[in-house]
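Structural features, examined
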Amino acid sequence: MTTSGAPGVVVVGGGQAGFSVASTLRASGYGGPVTVFAAEPHLPYQRPPLSKKAHTDHDDLRVSLVPETFYRERDIDLRLGDDVVALDPAARTVRIRSGLSVPYAHLVLATGARNRPLPVPGADLDGVHALRSLDDALAIGRALTTARDVVVIGGGFIGLELAQVARARGAHVTVVELTDRLLSRALSAEVESHVRERHERAGVRVLTGTAVRVLEGSGRVERVVTSGAVLPADLVVYGIGAAPRDELARDAGLAVDDGVLVDEQLRSVSDPRISAVGDCARHPHPHADGPVRLESVQNATDQGVLVGRRIAGQASAPYESLPWFWSDQGDIKLQIAGLRAPSDDVRLTVGDSPERLAAYAFRDGLLVAVETLNWPAEHLAARRLLERRTPVTASDLTGTTLGALARARRAAEVRA
Amino acid sequence: MPTVIFQLPDGTERKVTAASGTALMQAAVSNGVPGIVAECGGNASCATCHVYVDAAQSESAGPPNDVEDEMLDFTASERRPTSRLSCQLQLSDALDGLVVHVPEEQV
Ligand SMILES: Cc1cc2nc3c(=O)[nH]c(=O)nc-3n(C[C@H](O)[C@H](O)[C@H](O)COP(=O)(O)OP(=O)(O)OC[C@H]3O[C@@H](n4cnc5c(N)ncnc54)[C@H](O)[C@@H]3O)c2cc1C
Ligand code: FES
């Protein structure tokens, strides 16, 4: 461990957000000790590819965010396979599994989220998998080499991505979703119907409004019994949402409400020497009514940057990065910029090819969020305009696209 | 194995070697080259892996593909005729010695 005498920054969690904090601290000139405790044995890695490709061997290098030398060169003490089991805000220490206590000047919680367990009998049979970690993905990738009948429980992003991976491997794939829509929390109904249609066209069977009752089989899963049918299955993957890993904070008496509660500088509302970033943090955001908890790479990265800079002593504005997200489901590229509320007014536009769609969401007459299908340029244009808070009304978009608007405005800026 | 030289905005250089077929973005990230953010991990979703290919070699690197071409209009640093998204540029032996410039801003 780095020894400069004084305690430095301790980061709990070696994922996307923890990595962002540690690398930003050094990039911003922080010279004190930086220690990252990472429960998993792998170098910090990207999760998005896990559900978009079927990894069958240890492809660590391709998902690792950066190689091991990165940490050494920057004197970041990365403790892989070492988890923090308790924290003591009064003493400013964390306790790690081996019993050791480590002091901190500032603590950053970047513990991420865990999958909600599948609450039905048979969920512990062989052949039933959840997907969060690299190890989960490797196990699913191996199972897919022989699986014929795959049942995906949960029509969210991870489930739908995996459904297409399984289809590409030639399996029969059924997605079972409890509510009457796919991606019901994240996506407008207007775009959802197109996503569903494209999955069905790609040969995925989609059963919405269907509850899974029980998984059956002797040792290994053989069938999924739903409210409507019995589905043969030799591989079941479920993705029914995630819950923040906020128990360290809760046990230490910090304010927690489905995520560690933080202020607009991402400091715990209970203790200014503790920050929380990424999937485990619930934070105020100018685009949301109340505090939100977002599960995305953008959110984890940008929050890590803000906290790293702040601790390094750089001036920091309140956290207000534009939320954005992408999901690749086979040939379906879905991207979201901004935060849509259920009451927003949504207008659907078809792009220059029928494969391309954009849904613009307006609140009080102004554009607040954009969902696109297979149209990355329109997504990027949306991000540029929303980030700069350029007001866009529905009539600005009559007969044109955001891309065209953004190009015109850029050209005007250059002329001015 | 082709070698690529990244010229950074601060005037320094990073030399990187990677197997043919590797995306230029991957070669940068695996070697910790700063300034190639690659938020989407190479899925042509983010435009944070923007580079300028050295003008003399721009032709051998080839033009951007259609989706990339559209995305390049919205990069954080200005688009130039030699702009590419490095996740869409596959290295090959023919590109040995390629020089690329990393822009000031990616996000
Ligand atoms: C399969 C999958 C696909 C995804 N696809 C996309 C996508 O396409 N686009 C997108 O924007 N987002 C996607 N996401 C979401 C994105 O990966 C997460 O939002 C992001 O990883 C959150 O970063 P984080 O650092 O907060 O959490 P994580 O990356 O989950 O990292 C948290 C780490 O902390 C460790 N940890 C927890 N508790 C402790 C402890 N007490 N001590 C030590 N270590 C601990 C955990 O082991 C974990 O490794 C996907 C997620 C998954 C699972
Ligand atoms: S890495 Fe995202 S577009 Fe290249």
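For the structure given in this document, a descriptive report is provided here. Because the structure is a prediction, the values reported are computed rather than measured.

Within a sheet, each strand pairs with its neighbour through backbone hydrogen bonds, oriented either parallel or antiparallel. Residues and elements named next belong to chain A. Spatially, three strands are ordered β4-β5-β6 in an open sheet, and the strand pairing comes out antiparallel. Bordering the open sheet on either side are β4 (84-88) and β6 (101-103), each of which pairs with just one other strand. Going from strand to strand, the sheet's axes swing by 25 degrees on average, the running direction of each strand aside. The pairing of β4 with strand β5 (residues 93-96) spans four bridges and is antiparallel. By the bridge assignment for β5, D88 is matched with T93.

Let us look at the environment of D352 of chain A. All names here are of chain A. Along the chain, D352 falls in the loop between β23 (345-350) and β24 (357-363). Remark: the alpha-carbon pair of D352 and T401, spanning 49 residues in sequence, is separated by 10.0 Å. Side-chain polar atoms of D352 contact the side chain of R356, separated by 3.3 Å.

Bringing empty space enclosed by the protein into the picture now. All names here are of chain A. Summed over all chains, the structure comprises three cavities of 30 Å³ or more. What the largest cavity holds in volume is close to 50 Å³. As for the largest cavity, its lining consists of L50, S51, K53, A54, H55, L131, A137, I140, G141, L144, L162 and V165. When residues of the lining of the largest cavity are traced back to their parent elements, those giving at least two are α4 (134-144) and α5 (157-168). Ranked by the residues each element gives to the lining of the largest cavity, the list is headed by α4, at four residues. In terms of residue class, the lining of the largest cavity is built from eight nonpolar, three polar and one charged.

To continue, consider the packing of aromatic side chains. All names here are of chain A. Taken as a whole, this structure holds five aromatic pairs over all chains when the rule is applied. Ring geometry for F157 versus F325: centroids 4.5 Å apart, planes at 50 degrees, classification tilted. One end of the pair, F157, is in helix α5; the other, F325, is in strand β21 (residues 324-329), and 168 residues separate them in sequence. Residue classification places F157 among the buried residues on the basis of a relative accessible area of 17%. The exposure class of F325 is partly exposed, given its relative accessible area of 21%. The structure contains a cluster of three or more aromatic residues connected by ring pairs, namely F19, F70 and Y71. Sitting above the plane of the F70 ring, R74 keeps its charged end 3.7 Å from the centroid.

All names here are of chain A. If you check the shell around ligand 1, you find 33 residues, and the closest are A17, E40, K52, V84 and D279. K52 places a polar side-chain atom, nitrogen or oxygen, 2.6 Å from an oxygen atom of ligand 1. In the complex, the protein chains occlude 96% of the 990 Å² of accessible area that ligand 1 would expose alone. Of all elements in the fold, only α1 (16-27), β2 (34-38), α8 (297-311) and β21 reach the threshold of two or more residues within the shell around ligand 1. Taken together, the residues that form the shell around ligand 1 break down as 15 nonpolar, nine polar and nine charged.

Rules used in this analysis
Residues numbered from 1 in each chain as written. Chains lettered and ligands numbered in written order. Predicted model: local features only at pLDDT ≥ 70, side-chain atom pairs only at ≥ 80, totals over all residues. Heavy atoms only, no water. Pairing = 2+ DSSP bridges. Helix = DSSP H or I, 4+ residues; strand = E, 2+ residues; numbered from the N terminus. Axes fitted to C-alpha atoms, helices over the stretch in contact; angles between N-to-C directions. Polar contact = N/O pair within 3.5 Å; in protein donor to acceptor, adjacent residues only side chain to side chain. 1 Å grid on protein atoms, 1.4 Å probe; cavity = no way out; pocket = protein on both sides within 12 Å on 5 of 7 lines; lining within 4 Å. Points joined across faces, edges and corners; volume = space filled by probe spheres on them. Nonpolar A, V, L, I, M, F, W, Y, C, P; charged D, E, K, R; others polar. Phe/Tyr/Trp six-rings, centres within 6.5 Å; stacked < 30°, edge-to-face > 60°. Buried < 20%, exposed > 50% of the residue type's maximum accessible area, 1.4 Å probe, protein only. Lys NZ or Arg CZ within 6 Å of the ring centre and 35° of its normal. Near = heavy atom within 4 Å. Areas by Shrake-Rupley, 256 points an atom, 1.4 Å probe, with all protein chains shown as cover.

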